[in-house]
Every structure is written in C-alpha cells, then in structure tokens.
Amino acid sequence: MAIQISSDGCTFTLQTEKSSYQMMADAHDVLLHLYYGRKIAAENLEERIFRSDVGFAGNPPEAGEDRTYSLDVLPQELPGSGVGDYREDMVRLYHADGSCAADFRFESYEVQEGAYRIPGLPAAYDTGEEKGETLVITMRETASAVKVKLYYGVFEKENVITRTVCIENQGKEAVILDKALSCNVDFLFGNWDLIYFEGRHVMERIPERVPVRHAKVEIGSIRGTSSHQYNPAMILCDPAATEDFGSCYGFCFAYSGNFVAGAQKDQIGLTRVQMGIHPVQFRYTLAAGEAFFAPQVLMSYSSEGFTGLTHQYHDLIREHICRGAYKHAKRPVLINNWEATYFDFDKEKIVKIAQQAHELGIEMLVLDDGWFGKRDSDNSGLGDWYTNEKKMDGTMGELGDEIHALGMKFGLWFEPEMINEDSDLYRAHPDWALRIPGREPNRGRDQLVLDMSRSEVREYLYERISSILNEAKIDYVKWDMNRSVCDLFGHELPPERMGELYHRFVLGVYELKERLLAHFPQLLLEGCSGGGGRFDAGMLYYAPQIWCSDNTDAINRLTIQYGTSFFYPAGTMGAHVSAVPNHQTGRVTPFTTRGHVALSGTFGYELDLNLVSAEEKQMVKEQLAEFDRYYELTHEGDYYRLAKPGEALMAWGFVAKDQSRAMVTVVSTDVEGNPLAQHVSVKGLAEGRNYRCSYNGIVHDGSVWNNCGLTLKKVLKEYESLLIEWTEV
Ligand code: GLA
C-alpha cells in the first residue's frame, strides 16, 4: 500500500519504494509534518517534536495554559497566515471584512485510486499498468467557509510524491487569495544545502549551491514564464551529498509561469521549504462557490546522491509527464534553417537545404522564423500567421508537398503569444496586446504580448495555426516565446481580478496547446523561449522536447546540458550541430565534437549545408548512424554526470536500463603542456557481468569498470571528443 493510515485515521504515511513521508493530525487538528526521507515503517513519529516554551511564540486558544504548543514552531503541512505562525505562510486569505487570516485544521481525508488530475494544468499521470494512489486531505479554515484540499499523489516506483492544493470558497462572500503556494515541507532537523539553477539568455541552468541558514534563500520568476534566470526546480541536500552519496530532495514545479521557491531555517533550526506561484502580482478573487487549483510540485527523495535523484526524475518525466505520439517514438533528426539563413531566405533556398539534408539522411526540415506576414526582420509581422506567398513563391501547402515529396517531414516555427505593433493583427485588434491604459508598454525584441487569457485571441490563433497545419500537413511545430511579460491589464477582467492575469495567461497557453494536440495527435511540439527560457516540467507535458538554449557552442552547451540534466532527461533537450565560428561565442570546435554534444539531446542540424565540406557531409552520415545506434541509451537509459563544468575533461554517460550497454562521451575543454593522464569515470555497469570497452577492446567485470574507470591512451587535444561504448560480452 502506497498510502498507510493509522487505525485512528490521524497518521498518514506515504510510501514509495525507497522513501517515506509522514504527517499527522494532532489533538488540535493541526496537520503536522513528521518525516520525509529514506523508507521507514509506518509508525507514528510525533515524539520527534520537542516541546518547550520558546518565548514570543504565541499559543492558539485550544492550547489553554500550555505555552509549549505554538504554531510558530510546529512543523506543518499547511502553515496558515496571520494567526501565530510568523514564518512564511503558504495560503494567504483576505476576507470580506478586510482581515487577513487563515488558520487551517484537519477535517477529513480520502484515498483515491490513480493519479489526480488538475483542471487546465499539467499533472503527472498514470500509465496503463501502473496506477498511483492519491491522498486528499481536507482542511477547514477555522473562522470562514474556506476549505483547502491538500493533494498527495504517490508514484511508488519513481519515488515521487506530487503535491498541490485546491482552495474552495464554500461561503457566501468573496475571499481574496493573496498567496497560494503548492507545497510546504518543514524539515524538523538537519543542516542543508540548496542547489538551484540560475542563468540568463544563452547561458541557462547553471547550478549554484548554497547553505540554508536563517536568511531566506529564494529563487523565482515574475516574468510570466518560468524564465532563463532561474529554473523552477531545486534540490535540498545534506551538505555532504555528492553525485553518489547522501540525502537529497528534489522539488520540481510543473508550471510554466511565475514561481517562487526557497528554503529558510527558523529560530528552532527547522527548515521550511516552499514552492508555488509567485505571490508578487498574484491576487485571486474566490467568489462564493469558486475554487482555485494550484499547479503541481513533483517531489522526490534519494538517499543515493544526485544521480539517484536524477534517475527518478528522468523516469517520472519520460513516463508520467511527456505525452503523445512521440513519448517513446524515435524523434526525427531535423535541420533548422535559423542559423543558416536567419530572415534571409526564399523558397528556393529552403528547398535546396531540404534536398541536401535529405541526401544525407536528415529526416525533417524545420522552417524557422520569417515565413509569414511582413517579417524580414524581428520588428514586424508577429501575429500575422498567413504565409508570405511572395517570399515563399507560393502557398505553404505547395512547399509542404515539395518537402514531403522528398520523403521528409516538415516543421514550422510559430510564436503564437506575441504581436508586433507593425502587424495587421495589431492594427485590427490593438486591445489584444497587453498594455495598461494610459501607459506606454515595455517592448521586448520590439514586440508586445497577446492577452492569452482572452478566448477570442486563442480562437484566432487556433484558426490560423490549425489551418496552416492542415494545409501543409505540418508534422512538427516549434512554439517560441521571445520576451518576458509585463504591463498586465486584461480588458475583459474587472479591476478586482487583474491579479489573476499572469496565471490566466499560462492557462490560456496550455489550453491552446491542448486543443491543437487533441486535433493533431501526431504533431510533435518543440517548446522554445529564446532557447531555454521556459524549460520546465509543465511545458514538457505538451512538448516532449524543448530547445535547450539559443547557445549552440558545443563547449558552452556542456555547462547548459549538465545543469539541465539534473531534472530533465536528455531526450527532452533540443540540441543541434551548428556552424563554426559559433554564432554566439565565435569559438571553433571540431565537427565531431559538435556532433557528440548534440547526440546527447534530440539531435539535429542548424547550419548551411552549402558551406559544409565533403568530409563533413560524410561525418553527418556517420553521426546519423551514431544517433540511431545510441538512441535507446540517450533517450531511455540512465544518465550519469561523470565530471563537472570547469574540469578539463568533461564527461557524461548513459547506461541501458537492462545494463547490457553503456556509452560515455568525453570532451576536452582545456589543454596544458606536458599533459598529465586523462582519466574517465565509469558508472552504472552491473557487477558480475563482463563488458568490452570500444576504446581499447579490454574486457572487465562491471565492478572493475565502475571502480577503476578508464585511462585514455592518448591525451585529447583542445575540444577533441570521444564517444566510447561498453557492451556486455
Ligand atoms: C528565438 C529562438 C531561435 C529562433 C529565433 C527566431 O530566439 O530561440 O531558435 O527561432 O527565435 O526569431
């Protein structure tokens, strides 16, 4: 049983294969958090709580004269607001009389078979044979008719517990929701580090590790998207934890909009960890009878270091988040014309690229930005999703026929959420763009943002996108989003509901994607936001791959793909071989190395094949064969980080689930005179089984490889790389 409940119905223990999570409704119906960590028997752990009068920690009325009972120091599942817990609150309410108070107490529980769904939002789902279990705990607010349902979904095999809350106003008067986080975990004891992933455009998801102290460590986004600057995922870990050892807890938000996440120690040494929608610019009116569902947090615990945690998230995301025709199907190797042509193309150029790509065995042509409206630069045309038939010398249907006649798939770029002021759409519907009356809007890449919360905006986009998809039998869409969102004003929303717009925007984007996928079930969606500005588990529910970064430099990509790998599988990372000198960094790396780095992603090309030498064309063919050969490993295998960015020899690897094969990629990032030996770690092979290494032909037991690694016979030159395979013999 994944969910174990004590006979008095008060203690709840959630069990996965390797972890346990316990909470308990105490004598005053406060829902206490008692344990999260390595698997234990489902025995009540209330004794873990040390009771003392801490001073300046007030007592709720039910405590009577017991000054040791205080909400200010108890570990809780749903910390309230304004009633005696002075730490960060989780759900904040403003009532009709203007008061700000929320005191939540246990009311009832229910166990449901299967994973729960969240209306309009992504959520980890069950697959046929594997059914999760859900615990729903209803909490009542003591002085109003607000109920909060706490959802806990248990994925036993993946060691994941999902969480969210649903806040219901069962009263007659409106209540204002000023903050509604999705999860709060109070770790009673311990010192912790927090690892989060910071970045910027073209340098996303760089891990940073800091100790959790009494000053809050907090990350987040108020950009309308999950953002380049902080990814909505973090790891709380033992300060001694490494890739291979130590306790670590992952928190990963399945949401693509504003978020906040952080950790802080309180006065008694308890660490409060939270994640949810950012309260800045969030204010939701719950009218009588209305409910608000928060997005889902995916929590996972591993006692086996970051690698173990990563495997759990990769399994969960591949199996229970990614959906659709391409969930496990092999993704087509594509060529994208962006870095080859930018806006400077016509039909002839595009067809030529497709023909050349096809001759080499590339399977799909993706036509990027610039095929529609008046769009020869990035300051006009967004919104006018009509083919520029002059530039394309005919209709998109005709181009689609030509590409398909080659035997290739055809993909197209859209940036649905955006509008340029210089567009027919803007001239017809200026009020569809987000802007506050009486204020000049902020422009990003010279564009404004459409109000995706409006149904007629989504209707227009659906009609335009679907008609082009139908006309040209489009197989793939790159859905881009190239600016941060501000100037929030909904022309259709009453003033008291303006604070809902950021969230309603995300719901609108999700709804449009869902509708398109329902109508075009074979469509492959690739997410993108100036590269990896919206790389999150929410987006992966719709788009099983996301363009990892606009930075295609193979050496920078080592850092970006390393950071991305902590939560997201390689098969979700868009990665292409591009031209040198690299357009973002000017660096020159060998064609082979660029191929090896991109092979650990969805794989494709983004360069002008006219400028590629005969020798490199031959390499393309070899790379395509390698991609096929290693696909099962890179897309379904277990991922191992074998070195860190900054080390002179970067390395990572994949091991097949049945441990019959493995591959390791090494890239030399720096060289020295009179070089020392280069040594590569090997992990994950089975002890007691023999493996031959493709690099030196040597056969060893898995235990030998795992513990001794591989010493290179010849030191690699700068930026040189190797792809090494281990096969069971
Ligand atoms: C964004 C994307 C790029 C490309 C351009 C087109 O920057 O990340 O890959 O599609 O837009 O304008």
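Residues numbered from 1 in each chain as written. Predicted model: local features only at pLDDT ≥ 70, side-chain atom pairs only at ≥ 80, totals over all residues. Heavy atoms only, no water.

Enquirer: What is the right way to read the overall build of the chain from this model?
Expert: Per the secondary structure count, the chain includes twelve helices and 39 strands. Computed over C-alpha atoms, the radius of gyration of the chain comes to 27 Å, within 12% of the 27 Å expected from 2.2 N^0.38 for 729 residues, which places it in the range of a compact globule. Taken over the C-alpha atoms alone, the chain extends approximately 85 × 70 × 45 Å along its principal axes. Considering the chain as a whole, with its 729 residues, one finds that 62% of them fall into the buried category. Within the chain, counting contacts between residues at least 6 apart in sequence, those at least 24 apart form 68% of the total. When the accessible surface of the chain is summed, it comes to about 26100 Å², and 49% of that surface belongs to carbon and sulfur atoms. (Helix = DSSP H or I, 4+ residues; strand = E, 2+ residues; numbered from the N terminus. Rg over C-alpha atoms; globule rule 2.2 N^0.38 Å. Buried < 20%, exposed > 50% of the residue type's maximum accessible area, 1.4 Å probe, protein only. Contact = heavy atoms within 4.5 Å. Areas by Shrake-Rupley, 256 points an atom, 1.4 Å probe, with all protein chains shown as cover.)

Enquirer: What is the right way to read the packing of helix 6 (residues 455-472) against helix 7 (residues 501-519) from this model?
Expert: The description of two packed helices rests on the angle between their axes and on the distance between the axes. With their axes 11 Å apart at the nearest point, helix 6 and helix 7 run at an angle of 30 degrees to one another. With respect to each other, helix 6 and helix 7 are oriented roughly parallel. Considering the relative orientation of helix 6 and helix 7, their crossing is right-handed. Facing R458, E459, L461, Y462, I465, S466 and L469 of helix 6, the residues of helix 7 in contact are G508, E511, L512, R515, L516 and H519. Its residues placed into classes, the contact of helix 6 with helix 7 shows six nonpolar, three polar and four charged. (Axes fitted to C-alpha atoms, helices over the stretch in contact; angles between N-to-C directions. Parallel < 35°, antiparallel > 145°, perpendicular 65-115°, else oblique. Left-handed = near helix turned anticlockwise from the far one by under 90°. Nonpolar A, V, L, I, M, F, W, Y, C, P; charged D, E, K, R; others polar.)

Enquirer: Can you walk me through the environment of L633 in this structure?
Expert: By the secondary structure assignment, L633 is in helix 11 (residues 614-636). The spacing of L633 and Y502 is 131 residues in sequence and 39 Å in space, taken between C-alpha atoms. Filtering out sequence-adjacent residues up to four positions away, L633 remains in contact with F654, V655, A656, R661, A662 and M663.

Enquirer: Can you walk me through the site of the ligand in this structure?
Expert: Taken together, 13 residues surround the ligand, and among them D368, D369, R445, K478 and D550 come closest. Take D368: an N or O atom from its side chain is 2.6 Å from an oxygen atom of the ligand. Interatomic distance of 2.9 Å between a side-chain N/O atom of R445 and an oxygen atom of the ligand. About the coverage of the ligand: the protein hides 96% of its 310 Å² of free accessible area. (Near = heavy atom within 4 Å. Polar contact = N/O pair within 3.5 Å; in protein donor to acceptor, adjacent residues only side chain to side chain.)

Enquirer: What's the story with the sheet that holds strand 33 (residues 649-655) in this structure? I'm lost.
Expert: Backbone-to-backbone hydrogen bonds pair the strands of a sheet. The strands run either parallel or antiparallel. Taken in spatial order, the six strands make up an open sheet running 32-33-34-39-36-37, and their pairing is antiparallel. Two strands in the sheet have a free side with no partner beyond their single neighbour: strand 32 (638-641) and strand 37 (699-701). Between one strand axis and the next, the sheet turns by 25 degrees as a mean value, whatever way the strands run. As paired elements, strand 32 and strand 33 share four bridges and run antiparallel to each other. Counterpart to R641 in the pairing with strand 33 is W652. The strands that helix 10 (residues 591-599) touches are strand 33, strand 34 (661-668) and strand 39 (721-728); relative to strand 39, the one it contacts most, it runs at about 50 degrees. (Pairing = 2+ DSSP bridges.)

Enquirer: Where do I start with the packing of aromatic side chains in this structure?
Expert: Two numbers describe a pair of aromatic rings. These are the distance of the centres and the angle of the planes. In total, this model carries 41 aromatic pairs according to the counting rule given. Ring centres 5.3 Å apart and planes at 50 degrees place the aromatic pair W385 and F414 in the tilted group. Taken as a pair, W385 in the loop between strand 22 (364-367) and helix 4 (396-405) and F414 in strand 23 (residues 409-414) lie far apart in primary sequence, 29 residues in all. The exposure class assigned to W385 is buried, which follows from its relative accessible area of 0%. (Phe/Tyr/Trp six-rings, centres within 6.5 Å; stacked < 30°, edge-to-face > 60°.)

Enquirer: How should I be thinking about the pattern of salt bridges in this particular structure?
Expert: Tallied over the entire structure, the rule returns 53 salt bridges. Salt-bridge contacts for R454 lead to D431; the nearest nitrogen and oxygen are separated by 3.1 Å. Here R454 is found in the loop between strand 25 (448-449) and helix 6, whereas its partner D431 is found in the loop between helix 5 (424-428) and strand 25, with 23 residues between them in sequence. When salt bridges that share partners are traced, they join E88, D89, R92, D178, K179, K216, E218 and R283 into one network. (Salt bridge = Lys/Arg side-chain N within 4 Å of Asp/Glu carboxyl O.)

Enquirer: What am I meant to see in the pairing of strand 7 (residues 133-141) here?
Expert: Moving residue by residue along a regular strand, the side chains alternate between the two faces of the sheet. The buried fraction of strand 7 is high, at eight of nine residues. What sits between the antiparallel neighbours strand 7 and strand 8 (residues 146-155) is a turn of four residues.

Enquirer: Is there a simple way to think about the sheet that holds strand 29 (residues 573-574) in this case?
Expert: Taking strand neighbours across the sheet as the criterion, the nine strands line up as 29-28-27-26-23-22-21-31-30 in an open arrangement whose pairing is parallel. Strands at the two margins of the open sheet, each flanked by one partner only, are strand 29 and strand 30 (576-578). As paired elements, strand 30 and strand 31 (residues 604-606) share three bridges and run parallel to each other. Residue pairing across strands places V577 opposite Y605, the latter belonging to strand 31. Helix-sheet contacts for helix 4 involve strand 22 and strand 23, and the interaxial angle to strand 23 is about 140 degrees. Contacting strand 26 (476-479) and strand 27 (524-527), helix 7 runs over the sheet at an angle of about 175 degrees to strand 26.

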